[in-house]
Structure formats: structure tokens, C-alpha cells
Amino acid sequence: MALGQRQMILTSFGKDCLFTAGLILFFIMAASWIAFARLSMARIEREMRQDGLSRPSPWDAMGLRVLWYATAIASNNPRLHRADEPFIDVSTVRSYAKPIDKKLGLVFLIAGYSFSVVAVIGGLLTST
């Protein structure tokens with residue numbers, strides 16, 4: 001197949017597929033981010049305040065605290081979240097988490113990582 005034909009296939013069908021997949025994944029990620037932050041994270045922090053504990057993560061850069069909470073709750077993999085994580089108290093957050101929090105966090109993480117992969121692949125393939 002000639003170079004021109006390969007680029008034509010990539011530009012017409014491939015870009016449409018990548019754009020559609022990226023758009024769908026972005027909206028799923030955004031909706032699950034908001035749902036997890038408002039339903040799970042806010043409830044956990046409210047219950048911790050009621051028990052006299054401070055917020056487990058005093059630092060929040062542009063809402064990225066949601067990512068730490070979701071990873072701590074949805075993943076038991078010690079490579080992703082150490083027990084002595086400097087940004088969040090993992091054991092305390094997990095003790096306040098409910099099964100629905102784990103599901104919401106998992107949806108958010110899967111959609112977020114999938115969107116990132118599609119965006120990187122799309123950027124690399126369409127930049128030529």
C-alpha cells in the first residue's frame with residue numbers, strides 16, 4: 001500500500017474513530033469524576049469531620065485529590081498506593097469507603113486511563 005493511501009485511511013476513518021472514542025471516553029470520565037467527587041469523596045470527608053478527623057489530603061491541585069481518593073479506594077495494589085502515601089491517608093479513606101465508592105472510583109479510573117491512552121495514540125497517529 002502506498003504512503004498516500006495509508007495516510008488517507010488514517011485521516012478519514014481512523015481520525016473519526018479516534019475522535020469519537022476519545023469524546024465518549026472524555027464524557028464518561030468527566031461524569032464519573034463529578035459523581036465520585038460529589039457522592040463518594042464529599043461523603044467520606046463529611047463523615048471524617050463528624051468523627052473529629054481532619055481531611056486526609058490537605059493539598060488539592062486543580063481537583064486532582066479525586067484521583068488519589070479513587071485510586072486508594074478502587075485499587076488494593078500497593079504499587080499504585082502505598083500505605084504511607086504522602087498525599088493521602090490511604091487506610092483512613094478506605095475505612096470510610098463503601099462498595100459503591102469502589103465501583104464509582106473504578107469507573108472513573110478506567111475511563112480516565114482509557115481516555116489518556118486514546119488521546120496519546122490519537123495524537124501520535126494523527127500528527128504525521
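These numbers come from a predicted model, not from an experiment.

About the cut-offs
Residues numbered from 1 in each chain as written. Predicted model: local features only at pLDDT ≥ 70, side-chain atom pairs only at ≥ 80, totals over all residues. Heavy atoms only, no water. Helix = DSSP H or I, 4+ residues; strand = E, 2+ residues; numbered from the N terminus. Contact = heavy atoms within 4.5 Å. Areas by Shrake-Rupley, 256 points an atom, 1.4 Å probe, with all protein chains shown as cover. Core = buried A, V, L, I, M, F, W, Y, C linked by side-chain atoms within 4.5 Å. Buried < 20%, exposed > 50% of the residue type's maximum accessible area, 1.4 Å probe, protein only. Salt bridge = Lys/Arg side-chain N within 4 Å of Asp/Glu carboxyl O. Phe/Tyr/Trp six-rings, centres within 6.5 Å; stacked < 30°, edge-to-face > 60°.

(A) Looking closely at the overall build of the protein. Of the regular secondary structure elements, the protein holds four helices and zero strands. Seen in sequence order, the protein has helices and strands lined up from the N terminus as α-α-α-α. Taking contacts inside the protein between residues at least 6 apart in sequence as the whole, the part at least 24 apart equals 73%. Of the accessible surface of the protein, which amounts to about 8200 Å², a share of 67% is contributed by carbon and sulfur atoms.

(B) Examining the nonpolar core more closely. Counting residues in hydrophobic clusters, the biggest one holds 21 residues, and the most contacted among them are Phe36, Ile44, Val66, Tyr69, Ile88 and Phe108. For this core, the secondary-structure elements that each account for two or more residues are helix H1 (3-50), helix H2 (65-74), helix H3 (90-96) and helix H4 (99-126). Looking at this core, the element that brings in the most residues is H2, giving seven residues. Contacts of Phe108, omitting those with residues within four sequence positions, involve Met29, Ser32, Trp33, Val66, Leu67 and Ala70.

(C) A look at the pattern of salt bridges. Under the counting rule described, the total for this entry stands at three salt bridges. A salt bridge links Asp101 to Arg43; the shortest N-O distance between them is 2.0 Å. Of this pair, Asp101 sits in helix H4 while Arg43 sits in helix H1, and the two are 58 residues apart along the sequence. Side by side, Asp101 and Arg43 carry an identical accessibility label, which is buried. Between Arg65 and Glu45 there is a salt bridge; the shortest N-O distance is 3.3 Å.

(D) A look at the packing of aromatic side chains. For the structure on display, the rule yields three aromatic pairs. An angle of 70° between the planes, with centres 5.7 Å apart, marks the rings of Phe26 and Phe27 as edge-to-face. For Phe26, a relative accessible area of 35% translates into the label partly exposed. Members of the aromatic cluster, each reached through a chain of ring pairs, are Phe26, Phe27 and Phe115.

That's the geometry; what it means functionally is another story.
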